[in-house]
Amino acid sequence: MAHLFNHNVLLGVSGGIAAYKSAELVRQLQERGASVRVIMTHGAQEFITPLTLQALSGNPVHTELLDEKAEQGMGHIELGRWADLLLIAPATADLIARLSMGRADDLLTTVALATAAPLLLAPAMNQQMWKDPATIANIATLSQRGAQMIGPASGQQACGDTGPGRMEEPSIIAQAATELFATGELAGKRIVITAGPTREALDPIRYISNNSSGKMGYALAQAAADAGAITTLVSGPVNLTPPDHVQLLCVETAEQMLNQCLALLPQCDIFIACAAVADYRPATIQEQKIKKGPQEVSLPLVRNPDIVAAVSASKHSPYTVGFAAETNDVVSYARAKMERKGLDMIVANDVSDPSIGFNSDDNSVTVLWRTGEHTAERANKGTIARQIVTLIAQQIDSAS
Ligand code: PMT
């Protein structure tokens, strides 16, 4: 069953009578595994208190655009980056109109502009307002921009009218949110993803490694599994829980990672090399702890095998995607790396900025392939991973 584990849902509540149902919606989303944060408009607070939604979501409710305290904690830009999905339920006629105009006159509409996350709206209003040409045009504008709708349902309305305009039931909205991630874009494809650092031992207690946390690779595994791929994660040592429905194979060294990946190749349609593999390892591993000695020591290192190059050169040759962690001339170095290693696609990652790249929650990348490129603006690694997976699916589709 599809779920929302590892997904951040930002729930926007606008001011309609259906706002009381958002309490149940928070519960339904959490039951499916989502982390939930709530933004309420001023109108929404006339119908239900922030305290109720704070207690249920377990997070402070965000209400003000210009709030110094909130901006120091999680301001509107951070909220937008945090979200994997912006779900607005209920979405009133007024809120829909403001969204379609691109207004940024309160926190919710501002975050809607500032986020790269998909937008799901659960409209709720009087049936006549729903049928009004202005609302119809606003919905059409938002749909054209990629917003998705769930509902409204038809039936008896709070005002006494009967017709379309009731907010869908929370369980149906939560299900729609869940299905949004289950894209099926890679249904049945077998994908292998490397993640995290490698560790190259110097002696029994010391090693050479790097700051890769595994977050980007694990987010890719989550996105691939959501997209219906049979997903295997070959991971160096990290402190992360693997996503559900993903096979985890743990390794330490570059050589172990290479051997594991080569063994998986006969059953692999797509290979993504996200791991930060040590380029060199100590020439010898000392059997006993190295004792402190002279002021200076030299450490002979030898080259590690290049895993992604070996995969792309293998006779099985899956669709092969590399990453390029660069600190300068990011895109041109990445393109050269794609050529040199014989890759189908490369993800250029500027790691000179510590807020993206190694051990950060966010990322911003340029994805290059032979005939095109796409820049994914800064967002959390889950959102970036879903964009990469969609691009891979599109490229494989267009080649077939
Ligand atoms: O794990 P996080 O903290 O979330 O950080 C994510 C990340 C910054 C590690 C990730 O986004 C990233 O950029 N991964 C690639 C890091 C890297 O080693 O880049 P590179 O430019 O040195 O290597 C180029 C490509 O060759 C990479 O796909 C790498 O996996 C692969 N490689 C490198 C060396 C080697 N011996 N074998 C390889 O397969």
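In this text, all values refer to a predicted model and were calculated from it rather than measured experimentally.

> With reference to specific residues and values, describe the environment of Ala-124.
Summarising the element assignment, Ala-124 is placed in the loop between strand 4 (119–123) and helix 7 (127–131). Sequence separation of Ala-124 and Ile-139 is 15 residues, and the distance between their C-alpha atoms is 12 Å. The contact partners of Ala-124, leaving out residues within four places of it in the chain, are Ala-18, Pro-90, Ala-91, Thr-92, Ala-93, Gly-165 and Met-167.

> Residue-level account of helix 8 (residues 133–144), with values.
For helix 8, which comprises twelve residues, the first-to-last C-alpha distance of 16 Å matches the rise-based estimate of 16 Å (1.5 Å per residue) to within 8%. What helix 8 keeps buried is the set Thr-135, Asn-138, Ile-139 and Leu-142. The arc that holds every buried residue of helix 8, seen down its axis, measures 100°, which confines them to one face. Residues of helix 8 that are exposed and point more than 90 degrees away from the buried face comprise Pro-133 and Gln-144. Check the buried side of helix 8 and you find it contacts helix 5 (93–101), strand 4, helix 7 and strand 5 (148–149). Capping the start of helix 8 is the job of one residue whose side-chain oxygen sits 2.8 Å from the backbone nitrogen of Ala-134: Asp-132.

> With reference to specific residues and values, describe the sheet that holds strand 1 (residues 8–13).
Read from one edge of the open sheet, five strands run 2-1-3-4-5, paired in parallel fashion. Edge positions in the sheet fall to strand 2 (35–40) and strand 5, since each of these pairs with one other strand and no more. Bridge analysis of strand 1 against strand 2 gives six bridges, and the strand direction is parallel. Bridge pairing links Gly-12 to Ile-39 in strand 2. Contacts from helix 1 (residues 22–31) reach strand 1, strand 2 and strand 3 (85–91) within the one sheet, and its direction differs from that of strand 1 by about 175°. The strands touched by helix 2 (residues 50–57) within the sheet are strand 1 and strand 2, with strand 2 carrying the most contacts at an inclination of about 170°.

> Explain the site of the ligand residue by residue, including any values.
As a matter of local geometry, the ligand sits amid 26 residues, with Ser-212, Ser-213, Lys-337, Asn-349 and Asn-359 nearest to it. Between the ligand and the protein, one listed contact pairs an oxygen atom with a backbone N or O atom of Met-216 at 2.8 Å. Note that a nitrogen atom of the ligand is positioned 2.9 Å from one of the backbone N or O atoms of Pro-305. Taken together, the elements giving at least two residues each to the shell around the ligand come down to helix 10 (215–226), helix 12 (307–313), strand 16 (319–326) and helix 13 (330–341). Take the shell around the ligand: its biggest share by element is four residues, from strand 16. When the residues that make up the shell around the ligand are grouped by side-chain class, the tally is 13 nonpolar, seven polar and six charged.

> Tell me about the pattern of salt bridges, and please be specific about residues and values.
One pass over the structure, following the stated rule, counts 19 salt bridges. For Arg-98, the salt bridge identified is with Asp-105, shortest N-O distance 2.7 Å. For Arg-378, the salt bridge goes to Asp-362, with nearest N and O atoms at 3.1 Å. Here Arg-378, found in strand 19 (residues 372–380), pairs with Asp-362, found in strand 18 (residues 362–369); they are 16 residues apart in sequence, far enough to count as distant. Residue Arg-378 is classed as partly exposed on the basis of its relative accessible area of 28%. According to the relative accessible area criterion, Asp-362 is buried, its value standing at 11%. The network of salt bridges with shared partners includes Asp-94, Arg-98, Arg-103, Asp-105 and Asp-106.

> Would you mind going over the domain arrangement of the protein chain in detail, with residue names and values included?
When the domains of the protein chain are assigned, the result is domain 1 (8–181) and domain 2 (190–399). Using only C-alpha atoms to locate each centre, domain 1 and domain 2 end up separated by 37 Å. When domain 1 packs against domain 2, close to 660 Å² is buried across both sides, 44% of that on carbon and sulfur atoms. When the buried area of domain 1 at its contact with domain 2 is split by residue, Arg-81, Ala-116 and Phe-181 rank highest and sum to 77% of it. Applying the counting criterion to the domain 1 and domain 2 interface returns one salt bridge. Its salt-bridge partner being Asp-84, residue Arg-386 comes within 2.8 Å of it at the nearest N-O pair. In this assembly, domain 1 and domain 2 are joined by five residue pairs in polar contact (both at pLDDT 80 or more). Here the side of domain 1 that touches domain 2 is composed, by residue class, of four nonpolar, one polar and two charged.

Thresholds applied
- Residues numbered from 1 in each chain as written.
- Predicted model: local features only at pLDDT ≥ 70, side-chain atom pairs only at ≥ 80, totals over all residues.
- Heavy atoms only, no water.
- Helix = DSSP H or I, 4+ residues; strand = E, 2+ residues; numbered from the N terminus.
- Contact = heavy atoms within 4.5 Å.
- Expected span 1.5 Å × (residues − 1).
- Buried < 20%, exposed > 50% of the residue type's maximum accessible area, 1.4 Å probe, protein only.
- Arc of directions from axis to C-beta.
- Polar contact = N/O pair within 3.5 Å; in protein donor to acceptor, adjacent residues only side chain to side chain.
- Pairing = 2+ DSSP bridges.
- Axes fitted to C-alpha atoms, helices over the stretch in contact; angles between N-to-C directions.
- Near = heavy atom within 4 Å.
- Nonpolar A, V, L, I, M, F, W, Y, C, P; charged D, E, K, R; others polar.
- Salt bridge = Lys/Arg side-chain N within 4 Å of Asp/Glu carboxyl O.
- Domains from an automatic or database assignment.
- Buried area = accessible area lost by both parts, 1.4 Å probe.

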